[in-house]
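Each chain is listed here by its residues.
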Amino acid sequence: MQNFDWLKHNGKQIATLRGIAVLMVFFSHLNLNLSKELLFISGRIGVVLFFLISGLLAYSSRYKKSLKQYIFNRFCRMYPVYWLLLILACITFEKQFSIMQVLTNFTLFQEFLGHKSILGASWMMPIQIIFFIFIGIYGVKSLFAQVNIKSLSLANIEVIMVITSLLTILCGALRYFTNKPWPTAIFLLMNVSFLGILYYKKVQRDLPVRIYTMLFLFEVSLLLGGYLSYGKGLEYGNWISYFLAYNLGFLLFISVIFLRVNLNLFIKLGEIGFTFFLGAEIPYSLIKKVCDLESSGFAGFQDVIIKFAAAIVFSMLVTKLVEIPILKWSKNIEKSIS
């Protein structure tokens with residue numbers, strides 16, 4: 001099975017999943033007259049899909065690249081287009097932002113620094129960056145090394161998942177007793193990406209893995225950490241909503257792969273997904289300023305249609321004129337990096 005490339009064989013299914021994830025995150029940010037928990041679950045399913053896909057692709061990418069190439073690649077894929085969208089948001093959004101809020105948002109670690117995200121969906125990107133940096137520095141071969149005390153090889157992926165699962169529960173306990181926002185989601189979502197890696201190794205069939213044991217461990221940490229963190233109730237979602245959302249995300253992922261679902265509409269949406277899920281509000285904000293939509297009686301699903309169509313056109317333009325040229329340029333530069 002050494003010549004079998006699972007990612008290439010299932011490329012359209014992964015692309016379909018990316019498009020589904022983008023749409024679910026978009027849906028969750030709509031101001032609809034629906035249950036807030038339903039909107040929350042929709043968005044978190046999309047996030048789970050993103051992190052499963054990130055695990056698959058990050059492992060494959062790191063395996064083929066040096067550390068410098070990998071870090072440069074991840075940086076070019078995340079920051080330049082994000083910075084452009086952030087600038088456009090500051091110009092078009094009605095809300096005024098402080099200089100410190102804008103500056104911290106440029107780092108993508110604004111919420112760690114005590115400021116709110118200007119682009120709502122960007123909250124999850126620092127967790128992706130932490131995961132990418134970890135994979136970059138630790139290396140993929142170390143993830144599947146045998147634990148050996150003599151050679152100080154103490155932390156393969158299973159040991160790491162045990163540690164992050166315990167940290168999930170610890171953060172939950174700290175949240176429960178201190179009422180402070182300890183970062184439970186960081187360790188939960190990192191473990192989702194680790195599960196993505198384990199799934200890839202299992203289906204690639206080049207190394208035996210204990211994915212079901214690790215999935216059980218994740219479920220325990222999700223239940224305990226979720227209840228301790230969110231059992232008191234949140235404005236968006238409680239611990240049951242979290243549990244449902246994560247598991248529905250897993251189920252959707254497996255279903256699309258197993259049934260070999262191949263939907264061109266979602267594939268196309270996935271191709272413009274980075275700008276779409278981050279910047280969908282930007283063109284709509286501009287349209288509202290120019291056309292005064294709210295006073296013209298547009299609301300509800302008509303409003304959603306306009307927002308969706310504007311986001312599609314905007315995302316296609318940004319992807320074609322900015323994102324693709326940057327990625328082509330970065331790929332050429334990457335080849336010269338050792």
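Residues numbered from 1 in each chain as written. Predicted model: local features only at pLDDT ≥ 70, side-chain atom pairs only at ≥ 80, totals over all residues. Heavy atoms only, no water.

J.: Can you help me understand the overall build of the protein in this one?
T.: A tally of regular secondary structure across the protein gives 15 helices and zero strands. Here the protein, with 338 residues, has 49% of them falling under the buried criterion. Summarising the internal contacts of the protein: among those between residues at least 6 apart in sequence, 72% fall at separations of at least 24. Working note: accessible area of the protein is about 17500 Å², and carbon and sulfur atoms make up 66% of it. (Helix = DSSP H or I, 4+ residues; strand = E, 2+ residues; numbered from the N terminus. Buried < 20%, exposed > 50% of the residue type's maximum accessible area, 1.4 Å probe, protein only. Contact = heavy atoms within 4.5 Å. Areas by Shrake-Rupley, 256 points an atom, 1.4 Å probe, with all protein chains shown as cover.)

J.: In this structure, what is going on with the confidence of the model for the protein? I would like to understand it.
T.: Averaged over all residues, the pLDDT of the protein is 86; the fraction at 70 or higher stands at 89%. pLDDT under 50 marks residues 149–154. Its contacts with residues more than four places away, or in other chains, come to eight contacts. Segment residues 295–299: pLDDT under 50, and three contacts once partners within four positions in sequence are set aside and those in other chains are kept. (pLDDT = per-residue confidence, 0-100.)

J.: Would you take a moment to explain the packing of helix H2 (residues 11–28) against helix H11 (residues 239–258) for this structure?
T.: For any two helices packed against each other, the geometry comes down to the angle between their axes and how far apart the axes lie. Contact pair H2 / H11: the axes reach a minimum separation of 9 Å and the direction vectors enclose 145°. Crossing hand, H2 versus H11: right-handed. On H11, the residues touching Gln13, Ile14, Thr16, Leu17, Ile20 and Met24 of H2 are Leu252, Phe253, Val256 and Ile257. (Axes fitted to C-alpha atoms, helices over the stretch in contact; angles between N-to-C directions. Left-handed = near helix turned anticlockwise from the far one by under 90°.)

J.: I'm lost on the packing of helix H3 (residues 36–64) against H11 in this one. Help?
T.: Following both chains from N to C, one finds H3 and H11 inclined at 50°, their axes separated by 8 Å at the closest point. Here H3 lies oblique to H11, going by the angle between them. The hand of the H3/H11 crossing is right-handed. Here Glu37, Phe40, Ile41, Arg44, Ile45, Val48, Leu49, Leu52 and Leu56 of H3 come into contact with H11, specifically with Ser241, Tyr242, Ala245, Tyr246, Leu248, Gly249, Phe250, Leu252 and Phe253. (Parallel < 35°, antiparallel > 145°, perpendicular 65-115°, else oblique.)

J.: Explanation requested: the side chain of Ser330 in the structure shown.
T.: Following the sequence through the fold, Ser330 ends up in helix H15 (residues 300–335). Among residues more than four places away in sequence, those in contact with Ser330 are Phe72 and Cys76.

J.: Explanation requested: the nonpolar core in the structure shown.
T.: Most often, soluble globular proteins have nonpolar side chains that are buried together. In terms of nonpolar packing, the biggest core is built from 92 residues, with Trp6, Val192, Phe194, Tyr246 and Phe277 touching the most fellow members. Ignoring anything within four residues of it in the chain, the contact list for Phe277 reads Val22, Val25, Phe50, Ala121 and Met124. (Core = buried A, V, L, I, M, F, W, Y, C linked by side-chain atoms within 4.5 Å.)

J.: In this structure, what is going on with helix H12 (residues 264–271)? I would like to understand it.
T.: Three or more residues of H12 are buried, namely Phe266, Ile267, Leu269 and Gly270. End-on view of H12: buried residues confined to an arc of 165°, all on one side of the axis. Opposite the packed face of H12, turned more than 90 degrees from it, sit the exposed residues Asn264, Leu265 and Lys268. (Arc of directions from axis to C-beta.)

J.: Whenever I open this one, the side chain of Gln101 confuses me. Can you help?
T.: Mapping Gln101 onto the fold places it in helix H5 (residues 99–107). Within polar-contact distance, the side chain of Gln101 engages the backbone oxygen of Lys116 at 3.1 Å. In contact with Gln101, not counting residues within four places along its chain, are His115, Lys116 and Ile118. (Polar contact = N/O pair within 3.5 Å; in protein donor to acceptor, adjacent residues only side chain to side chain.)

J.: Quick question: what am I supposed to make of a nonpolar patch on the surface here?
T.: On the surface, a nonpolar cluster with roughly 350 Å² of combined accessible area is contributed by Leu67, Ile71, Ile133 and Ile137. Within the element layout of this structure, Leu67 appears in helix H4 (residues 67–92). (Patch = residues over 30% accessible without salt bridge, like charges linked within 9 Å, V, L, I, M, F, W, Y side chains within 5 Å. Salt bridge = Lys/Arg side-chain N within 4 Å of Asp/Glu carboxyl O.)

J.: Just to check I follow, could you spell out the pattern of salt bridges for this structure?
T.: Side chains that differ in charge, positive against negative, can pair when their charged atoms come close. A complete count under the given rule lists three salt bridges for this structure. Glu334 is the salt-bridge partner of Lys65, the closest N and O atoms lying 2.5 Å from each other. On the criterion of sequence distance, the pair formed by Lys65 in the loop between H3 and H4 and Glu334 in helix H15 is long-range, its members being 269 residues apart. Residue class for Glu334 comes out buried when judged on its relative accessible area of 8%. A salt bridge links Glu281 to Lys307; the shortest N-O distance between them is 2.5 Å. Of this pair, Glu281 sits in helix H14 (residues 281–291) while Lys307 sits in helix H15, and the two are 26 residues apart along the sequence. Residue classification places Glu281 among the partly exposed residues on the basis of a relative accessible area of 28%.

J.: So what exactly am I meant to see when it comes to the packing of aromatic side chains here?
T.: The geometry of an aromatic ring pair is captured by the separation of the ring centres together with the interplanar angle, meaning the angle of the planes. According to the stated counting rule, one finds 27 aromatic pairs in the structure shown. Against the face of Phe132 rests Arg74, its NZ or CZ located 5.0 Å from the ring centre. (Phe/Tyr/Trp six-rings, centres within 6.5 Å; stacked < 30°, edge-to-face > 60°. Lys NZ or Arg CZ within 6 Å of the ring centre and 35° of its normal.)

J.: Where do I start with unusual backbone geometry in this structure?
T.: Most of the time, phi is negative for any residue but glycine, and the peptide bond is trans. Unusually for a residue other than glycine, Leu108 sits at a positive phi of about 75°. Relative to the helices and strands, Leu108 is located in the loop between H5 and helix H6 (125–138). One non-glycine residue, Arg260, lies in positive phi territory at about 55°. Assignment of secondary structure puts Arg260 in the loop between H11 and H12.

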